[in-house]
Amino acid sequence: MNNKLLYSMLIILVIMFGFLFITNQNTLNSQDETLKSTINLSAQEEMEFSPDKVKIILGVETRSEKLEIAKNENNKKINEIKNILTKYDQLEIANISFNIYPVYEKEEEQQKIQYYKIRNMLEIKSYNLELISKIIDDSLKAGANTIYNLQYSLENEIKAREKVIEKALLSLENKVKYIKDNLNKNEYELINLTVNDNLQGSTLYFNNMKTSINESSINSTNIDPSKIKISVNLRGEYILSE
């Protein structure tokens, strides 16, 4: 009987000790949590960079009732453009498109080919932006009659992005330090960071594509490269503690 009583008392003591321990732990955790605060901050920065690479897309469009005539005339002008551009160093020139379009007369009974239209496009890349105007002028004089766009870009885009992210991080750090000091907190810890960046390349489109350009209309092309904009948006989650 005495053994059973002692055994029962021992079980009760163990249960009471366990309950007191859990209660004490919850109290400590609750006190610890009250010493911490979680905040979410954002920072956005944008920087402009001077482009160091350009891509020019231009071409030759020819028309004739005879397919062979249109093709030969097109090939001749494309070759003349390539030849005249060989005087410039470090140009990358490639054919990116060649299309033949039969144009039909509108007749009720049957379709009859009125003429053939051939379009041949070249992509020209250069790291010397001072040559842009000269490349365009020489290409037009050699027979190019369609210019589609000029696209400026950065050779080392990753390095430029890192500069903007670094600037945005500094802005984010200044914000969290300011809030920490005003809330009388001693430390802060970054627990989550989201980075969104946007590269805004510069592209100039020539919508008025002409098929007949004469010498007087292309005396000189004056093009000044525009800046490349990179914007970065950071969202950081911080824990502030005393």
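Heads up: these notes are all about the structure in this document. (Residues numbered from 1 in each chain as written. Predicted model: local features only at pLDDT ≥ 70, side-chain atom pairs only at ≥ 80, totals over all residues. Heavy atoms only, no water.)

## Side note on the overall build of the protein chain
Here is step 1 of the chain: Per the secondary structure count, the protein chain includes four helices and eight strands.
Here is step 2 of the chain: In the protein chain, the succession of helices and strands from N to C terminus is α-β-β-α-β-β-α-β-α-β-β-β.
Here is step 3 of the chain: Once local pairs closer than 6 in sequence are excluded, the contacts in the protein chain between residues at least 24 apart make up 85%.
Here is step 4 of the chain: Summed over its atoms, the accessible surface of the protein chain is roughly 16,200 Å², and 48% of this surface lies on carbon and sulfur atoms. (Helix = DSSP H or I, 4+ residues; strand = E, 2+ residues; numbered from the N terminus. Contact = heavy atoms within 4.5 Å. Areas by Shrake-Rupley, 256 points an atom, 1.4 Å probe, with all protein chains shown as cover.)

## A short note on the nonpolar core
Here is step 1 of the chain: Counting 39 residues, the largest nonpolar core has Ile-56, Ile-132, Ile-135, Ile-136, Leu-150 and Tyr-152 as the members making the most contacts within it.
Here is step 2 of the chain: Where this core is concerned, the elements lending two or more residues are strand E1 (36–49), strand E2 (53–64), helix H2 (67–84), strand E4 (112–126), helix H3 (132–142), strand E5 (146–153), helix H4 (157–182) and strand E8 (228–241).
Here is step 3 of the chain: With six residues, E8 is the single largest residue contributor to this core.
Here is step 4 of the chain: If sequence neighbours within four positions are ignored, Ile-135 has contacts with Ile-56, Leu-85, Tyr-88, Leu-91, Ile-124 and Ser-126. (Core = buried A, V, L, I, M, F, W, Y, C linked by side-chain atoms within 4.5 Å. Buried < 20%, exposed > 50% of the residue type's maximum accessible area, 1.4 Å probe, protein only.)

## Notes on the pattern of salt bridges
Here is step 1 of the chain: The final tally for this structure, using the stated rule, is 11 salt bridges.
Here is step 2 of the chain: Across the pair Lys-77 and Glu-73 runs a salt bridge, and its minimum N-O distance is 3.3 Å. Placement of both Lys-77 and Glu-73 in helix H2 is noted, with a separation of four residues, approximately one turn of the helix.
Here is step 3 of the chain: Take Lys-77: its relative accessible area is 22%, and that puts it in the partly exposed class. (Salt bridge = Lys/Arg side-chain N within 4 Å of Asp/Glu carboxyl O.)

## Observations concerning the packing of aromatic side chains
Here is step 1 of the chain: As enumerated under the stated definition, the model contains one aromatic pair in all.
Here is step 2 of the chain: Judged by centre distance (5.9 Å) and plane angle (65°), the ring pair of Tyr-188 and Tyr-238 falls under edge-to-face. Of this pair, Tyr-188 sits in strand E6 (residues 187–200) while Tyr-238 sits in strand E8, and the two are 50 residues apart along the sequence.
Here is step 3 of the chain: Residue classification places Tyr-188 among the partly exposed positions, given a relative accessible area of 27%. (Phe/Tyr/Trp six-rings, centres within 6.5 Å; stacked < 30°, edge-to-face > 60°.)

## Describing the environment of Ser-231
Here is step 1 of the chain: Within the secondary structure, Ser-231 sits in strand E8.
Here is step 2 of the chain: Taking C-alpha positions, Ser-231 is 8.7 Å from Ile-165, a pair spaced 66 residues apart along the chain.

## Examining H4
Each α-helix winds once per 3.6 residues, and so residues spaced three or four apart point in a common direction.
Here is step 1 of the chain: End to end, H4 covers 38 Å across 26 residues, agreeing with the expected 38 Å (1.5 Å per residue, within 8%).
Here is step 2 of the chain: Inspection of H4 places Ala-160, Val-164, Ala-168, Leu-172, Val-176 and Lys-180 among the buried residues, and these make up the whole buried set.
Here is step 3 of the chain: A positive backbone phi angle near 60° is found at Asn-184, which sits one or two residues after H4. (Expected span 1.5 Å × (residues − 1).)

## Things to note about H2
Here is step 1 of the chain: With 18 residues, H2 should reach 26 Å at 1.5 Å per residue; the first-to-last C-alpha distance of 26 Å fits that figure.
Here is step 2 of the chain: Of all the residues in H2, the buried ones are Ala-70, Asn-74, Ile-78 and Ile-81. Take H2 and look down its axis: the buried residues cluster within an arc of 60°, on one side only. Residues of H2 that are exposed and angled more than 90 degrees away from the buried face: Lys-76 and Asn-83.
Here is step 3 of the chain: For H2, the elements touching its buried residues are E2, strand E3 (92–105), E4 and H3. (Arc of directions from axis to C-beta.)

## Overview of the side chain of Lys-117
Here is step 1 of the chain: As for its position among the elements, Lys-117 is in strand E4.
Here is step 2 of the chain: Within the buried set, Lys-117 has no salt-bridge partner at all; the shortest N-O distance to an opposite charge, 4.6 Å, is to Glu-61. (Lys, Arg positive; Asp, Glu negative; His and termini not counted.)

## Concerning the pairing of E5
Here is step 1 of the chain: Most of E5 is tucked away, with six of its eight residues classed as buried.
Here is step 2 of the chain: Of the pairings in the sheet, the one linking E2 to E5 comprises seven bridges and is antiparallel in character. Paired with Gly-59 across the bridge in E5 is Thr-146. (Pairing = 2+ DSSP bridges.)

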